[in-house]
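# Coordinate analysis (summary)
As a plain string of letters, each chain reads:
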Amino acid sequence: MPLVEIIAGKKTSAKTIATVVALAKEAGKTPIVVGDCAGFLINRILLPYINEAARMFEEGADFERMDKIILDFGMPMGPFVLADEVGLDVGYKVAKVLEDAYGERMKVSDILDRVYHQLNLLGKKSGKGFYIHKGNKREANDSVKSLVFSKRRFDEQEIIDREMLIMINEAAMCLEEGIVDNAQYLDMAMIMGTGFPPFRGGLLRYADSLGIESIVITLKKLAKNHGLRFEPAKLLLDMAKNKETFYTKG
């Protein structure tokens, strides 16, 4: 990925930050200065997306279909292919760091725990994860599918809502906390760091296109059905009340 997150501490001088930004640019990377928090910026937003996909799988959704829906949405790969690419051991450990930091709303899904600990799968680097990888080809791993007994046909919109809105909500919290300065920087980071589809303008530009009031209504419904991880961020509630968008806030 071309993105480099630069984490400034409380005593980091402006000169040091500028030097590291210049170094990243010389290395051909796109730097962004972000605040210090568990997961920093990208992992803090992206891991809930992977975790939510795993939760839908637990509820009976087909993970191959979910990957296709998210690929069609414009992401460079679906969440389960991504988990395999990153490494299930790495993904699980990062997810545990976030759970320890943020508690119940980022609790690691049971299926990620079982795939890593019970089946001892590592993902693409070992040839087996959610998929069995053979060179550039892959097929669904039946041993993973056998962990889930329930089957339910999910509406495509529900999959997109649960995947995208959980990221929008976390991104709003990052802005609230000053982890990133503004929506433009966050969107640039998501495009450069996760491959979020550029034609959608970035995660928060996409949020603006949906309408903040609409997002808050859907998040409240999801929170009622699935718990506090979907409780709307205060920033979103305030924006909906004041009829603001991320890009009118600057």
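Just above sits the structure.
Attention here is on the structure that accompanies the text. (Residues numbered from 1 in each chain as written. Predicted model: local features only at pLDDT ≥ 70, side-chain atom pairs only at ≥ 80, totals over all residues. Heavy atoms only, no water.)

### Looking at the overall build of the protein
Heads up, the condition is: Put simply, DSSP H or I for four residues or longer makes a helix, DSSP E for two residues or longer makes a strand, and each gets a number counted from the N terminus. Atoms counted for the radius of gyration: C-alpha only. Globule rule: 2.2 Å times residue count to the power 0.38. Using a 1.4 Å probe on the protein chains alone, a residue whose accessible area is under 20% of its type maximum counts as buried, one over 50% counts as exposed, and one in between counts as partly exposed. By definition in these notes, contact holds between two residues if any of their heavy atoms fall within 4.5 Å. Note that accessible areas follow from Shrake-Rupley with a 1.4 Å probe, and for residues the cover is restricted to the protein chains shown. The charged-residue count follows a simple rule in which Lys and Arg add positive charge and Asp and Glu add negative charge, with His and chain termini not counted at all. Lys charges are placed at NZ, Arg charges at CZ, Asp charges at CG and Glu charges at CD.
Of regular secondary structure, the protein possesses 13 helices and 4 strands. The C-alpha atoms of the protein give 18 Å as radius of gyration, which agrees with the globular expectation for 250 residues (18 Å, within 12%). Taking all 250 residues of the protein together, 50% fall into the buried category. Across the protein, contacts joining residues at least 24 apart in sequence account for 72% of those joining residues at least 6 apart. Split by element, the accessible area of the protein, about 12200 Å² in all, is 53% carbon and sulfur. Where the 35 positive side-chain charges of the protein centre and where its 35 negative ones centre are 1 Å apart.

### Comments concerning helix α8 (residues 156-176)
Stated precisely, the cut-off is as follows: A helix's residues, less one, multiplied by 1.5 Å, set its expected span. Under the rule applied, a polar contact is a pair of N or O atoms within 3.5 Å (in protein, one hydrogen donor and one hydrogen acceptor; residues adjacent in sequence only if both atoms are side-chain atoms).
For α8, spanning 21 residues, the distance from its first C-alpha to its last is 30 Å, which sits close to the expected 30 Å at 1.5 Å a residue. The N-capping residue of α8, defined by a side-chain oxygen 2.9 Å from the backbone nitrogen of Gln-157, is Asp-155. Just past α8, the residue Gly-178 takes up positive phi, approximately 75°.

### Description of the environment of Gly-227
Counting through the fold element by element, Gly-227 comes out in the loop between α11 (212-226) and α12 (234-242). According to the relative accessible area criterion, Gly-227 is partly exposed, its value standing at 25%. Between the alpha carbons of Gly-227 and Arg-105 there is a distance of 8.0 Å; along the sequence they are 122 residues apart.

### Focus: the pattern of salt bridges
Note the following rule: A pair is scored as a salt bridge if a Lys or Arg side-chain nitrogen falls within 4 Å of a carboxyl oxygen belonging to Asp or Glu.
The full count for this structure, using the stated rule, is 18 salt bridges. In this structure, the salt-bridge partner of Arg-162 is Glu-52, at a minimum N-O distance of 2.8 Å. Residue Arg-162 is located in helix α8, and its partner Glu-52 is located in helix α2 (residues 42-58); the two are separated by 110 residues in the primary sequence. Take Glu-52: its relative accessible area is 1%, and that puts it in the buried class. A salt bridge links Asp-62 to Lys-145, with the shortest nitrogen-to-oxygen separation between them at 3.0 Å. Of this pair, Asp-62 sits in the loop between α2 and α3 (63-73) while Lys-145 sits in helix α7 (residues 142-145), placing them 83 residues apart in sequence. The class for Asp-62 is partly exposed, based on a relative accessible area of 33%. Because the salt bridges share partners, they merge into one network encompassing Glu-52, Glu-59, Arg-152, Glu-158, Arg-162 and Arg-229.

### A short note on the environment of Lys-243
Relative to the elements of secondary structure, Lys-243 occurs in the loop between α12 and α13 (246-249). When the C-alpha positions of Lys-243 and Asn-169 are compared, they lie 17 Å apart, and in sequence the two are 74 residues distant. A distance of 3.5 Å separates polar atoms of two side chains, one belonging to Lys-243 and the other to Glu-213.

### Observations regarding the packing of aromatic side chains
Selection rule: The pairing test for Phe, Tyr and Trp rings, Trp by its six-membered ring, is centres within 6.5 Å, and the orientation test on the planes gives stacked under 30 degrees, edge-to-face over 60, and tilted for anything in between.
Scanning the model with the defined rule gives 11 aromatic pairs in all. Taking the centre distance of 5.7 Å and the plane angle of 70° together, the rings of Phe-63 and Phe-130 count as edge-to-face. Highlighted residues: Phe-63 in helix α3 and Phe-130 in the loop between α6 (110-117) and β3 (131-134), separated in sequence by 67 residues. Overall, Phe-63 belongs to the buried group, its relative accessible area being 0%. For Phe-130, a relative accessible area of 0% puts it in the buried group. The interplanar angle of 55° and the centroid separation of 6.3 Å between the aromatic rings of Phe-196 and Tyr-206 together place this pair among those described as tilted. Remark: Tyr-206 occurs in helix α10 (residues 203-210) and Phe-196 occurs in the loop between α9 (183-194) and α10; sequence separation between them is 10 residues. Of the aromatic side chains, those joined through ring pairs into one cluster are Phe-57, Phe-63, Phe-80, Phe-130 and Tyr-131.

### Quick word on the packing of α2 against helix α5 (residues 88-102)
Rules: Interaxial angle, 0 to 180 degrees, is taken between N-to-C directions of lines fitted to C-alpha atoms, where a helix line uses only the stretch in contact. Note on terminology: angles under 35 degrees are roughly parallel, angles over 145 are roughly antiparallel, angles of 65 to 115 are roughly perpendicular, and the others are oblique. We call Asp, Glu, Lys and Arg charged. Ala, Val, Leu, Ile, Met, Phe, Trp, Tyr, Cys and Pro are nonpolar, and the rest, Gly among them, are polar.
α5 packs onto α2 with a crossing angle of 105° between their chain directions and a minimal axis gap of 10 Å. Here α5 runs roughly perpendicular to α2, going by the angle between their axes. Residues Asn-43, Arg-44 and Leu-47 of α2 form the contact with α5, whose participating residues are Gly-91, Val-94, Ala-95, Leu-98 and Tyr-102. Across the contact of α2 with α5, the residue classes break down as 5 nonpolar, 2 polar and 1 charged.

### Some remarks on the packing of α8 against α11
One can describe the packing of α8 onto α11 by two numbers: an axis separation of 11 Å at closest approach and a directional angle of 105°. Taken together, α8 and α11 sit at an angle that is classed as roughly perpendicular. Two secondary-structure elements touch here, α8 through Glu-158, Asp-161, Arg-162, Leu-165, Ile-168 and Asn-169 and α11 through Ile-215, Thr-218, Leu-219, Leu-222 and His-226. When its residues are assigned to classes, the contact of α8 with α11 shows 5 nonpolar, 3 polar and 3 charged.

### What about α11?
In this model α11 runs 20 Å from its N-terminal to its C-terminal C-alpha over 15 residues, within 8% of the 21 Å that 1.5 Å per residue would give. Downstream of α11 by one or two residues, Gly-227 has phi in the positive range, about 110°.

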